[in-house]
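Given next are the chains, with one letter for each unit.
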Amino acid sequence: MTDVTVTPVRGRAATTAFIRLPHALYRDDPHWVAPLEHELRACFDPGRNPFHATGTAQLFLARRGTTPLGRIAAHIDPRFQQRHQESTGHIGFFECTDDPAVAGALFAAADRWLAARGADRVLGPLSFTTNDECGLLVDGFDRPPTVQMPHNPPYYADLFTACGFTKAKDLHTFTGPVPADGETPAVIRRAAQRALTDPAVRIRPLDPRRYDADLAAVRRVYNEAWAENYASVPFTDAEFRHAGRRLKPLLVPELLQIAEVGGEPAGFTLWLPDANQALAAARGRLTTYGVPLGLVRAARARRRINRTRASTSGVTKEHRGRGLMAALFCRAQQAAARLGYTENEFSWILEDNRDAARHARAMGAVHTRTHRLYHRPLGPAPATAS
């Protein structure tokens, strides 16, 4: 590792190098979709991303000479440590050439930074939490990623295992058709009927006139429904408002279905149009030297979006088992069909979440991809750690 140098990212030039490094790595990958640069800059900016109000992060770049060859973020989230009663630190935004020496140097730099802040275990990749992109793609490299899902070369898994990481948890993706008539399989319709015949139950789409209030209700359900999920952290109000602003251009009201019981929010499902089908045309930048070339390409490609992603769903504990999720899926799929979508992806689903996997399979979806979270123990911080 002596010829590999790893330095903390400071300033705009280094941040730009960090953001643009993947373009060289994925030059020949037909499935990679470049994230938008302005989105990543906002993600790393404490003034624009509310994660930094509670969490702490440091970006690192690995080089040989002056050539960037890898990157990683190390971060501490006190909410995770408090909820899970662990002194765990995290890594994310990992990208690296196929070189164990570069990967090892990046992981070592992240280890030192995390150990100096009291962490005794590292878990990742998380960018920055399970409410964001997470997991390393380990199976299903034959298709492009959907919106907000990670993509990486197959050799990344070898880099992680060669550096002592082992599997912590797998995250499964299921993909299935959206029939032209929007009809769901009989088993889902029967389960949904239990909810839909209950006069206390109401299934409705997002109301654009009360956008903020509806999203606040979704946040309450999400935080309760996901409270016991692996590695989860609650959304703060600021984070959820931030996510709502980011997602607003993508949100289709009919694809965010909300379940109410006795007038109180009890469940939801959010299906997003797969913006990656359009963003691939933008190549990571909506403007180039002030000319909106990427924006024009993305606008044209948006007309060809035919896929949705069921990105998150949840039902509060007290209302599970009464058919609410089936009813939500029925309404969401009917809306997707009316809007012309022909395929839907359920992602991601924890490998041991049998109820969610059963619902996805009942909708006609099959397991198509697997992402993996890795972990390894950390030793005590060396005296020179910074």
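Definitions and cut-offs
Residues numbered from 1 in each chain as written. Predicted model: local features only at pLDDT ≥ 70, side-chain atom pairs only at ≥ 80, totals over all residues. Heavy atoms only, no water. Phe/Tyr/Trp six-rings, centres within 6.5 Å; stacked < 30°, edge-to-face > 60°. Helix = DSSP H or I, 4+ residues; strand = E, 2+ residues; numbered from the N terminus. Buried < 20%, exposed > 50% of the residue type's maximum accessible area, 1.4 Å probe, protein only. Lys NZ or Arg CZ within 6 Å of the ring centre and 35° of its normal. Pairing = 2+ DSSP bridges. Right-handed = clockwise from strand over helix to strand, strands pointing away. Salt bridge = Lys/Arg side-chain N within 4 Å of Asp/Glu carboxyl O. Core = buried A, V, L, I, M, F, W, Y, C linked by side-chain atoms within 4.5 Å. Contact = heavy atoms within 4.5 Å.

Colleague: Quick rundown of the packing of aromatic side chains? Include the residues and the values.
Modeller: The final tally for this structure, using the stated rule, is 20 aromatic pairs. Ring plane angle 65° and centroid distance 5.1 Å describe the contact between Phe93 and Phe128, whose orientation is recorded as edge-to-face. Taken together, the residues Phe93 in strand S4 (residues 88-96) and Phe128 in the loop between strand S6 (126-127) and strand S7 (133-134) connect sequence positions 35 residues apart. For the pair Phe93 and Phe128, one class covers both residues: buried. Ring geometry for Phe235 against Phe240: centres 5.0 Å apart, planes inclined by 85°, an arrangement best described as edge-to-face. For the residue pair Phe235 and Phe240, the accessibility class agrees, reading buried in each case. Over the ring of Tyr230 we find Lys169, and its NZ or CZ is 5.0 Å from the ring centre. Sitting over the ring of Tyr211, Lys248 keeps its end group 4.5 Å from the ring centre.

Colleague: Residues and numbers for the pairing of strand S5 (residues 121-124), please.
Modeller: It is a general feature of regular strands that their side chains alternate between the two faces of the sheet. Side chains Arg121 and Leu123 project from S5 onto one buried face, and the interleaved Val122 and Gly124 project onto a second face that is buried too. Sheet topology places S4 next to S5; three bridges connect them, and they run parallel. Directly across from Thr88, in S5, lies its bridge partner Arg121. You can see the chain leave S4, run along helix H5 (residues 100-115) and come back into S5, and the turn it takes is right-handed. Sheet topology places S5 next to strand S15 (residues 366-377); four bridges connect them, and they run antiparallel. The residue bridging Val122 from the neighbouring strand is Arg376, located in S15.

Colleague: Residue-level account of the pattern of salt bridges, with values.
Modeller: Two side chains of opposite charge can pair, provided their charged atoms sit close to one another. Summed over the entire model, instances satisfying the criterion amount to 28 salt bridges. With a closest N to O distance of 2.4 Å, Arg376 and Asp111 form a salt bridge. Of the two residues, Arg376 is situated in strand S15 and Asp111 in helix H5; the sequence distance between them amounts to 265 residues. A single burial state applies to Arg376 and to Asp111, both of which are buried. Notably, a salt bridge pairs Arg204 with Asp214, separated by 2.8 Å at the nearest N-O pair. Of this pair, Arg204 sits in strand S10 (residues 201-205) while Asp214 sits in helix H8 (residues 211-225), and the two are 10 residues apart along the sequence. In this structure, Arg204 and Asp214 share a single accessibility class: buried. Taken together, the salt bridges that share partners define one network made up of Arg202, Arg204, Arg210, Asp214 and Glu260.

Colleague: So what's going on with the nonpolar core? Residues and values would help.
Modeller: In terms of nonpolar packing, the biggest core is built from 37 residues, with Phe174, Leu255, Trp271, Leu324 and Phe346 touching the most fellow members. Where this core is concerned, the elements lending two or more residues are helix H7 (186-196), S10, strand S11 (256-261), strand S12 (264-273), strand S13 (307-315), helix H12 (324-338), strand S14 (343-350) and helix H13 (354-362). Counting residues per element, this core draws most heavily on H12, at 11 residues. In contact with Leu255, other than residues within four places in its own chain, are Thr269, Leu270, Trp271, Pro273, Thr308, Ala332, Ala335, Ala336, Leu339 and Tyr341. Membership of the second largest hydrophobic core comes to 34 residues, among which are Ile76, Ala105, Phe107 and Tyr156.

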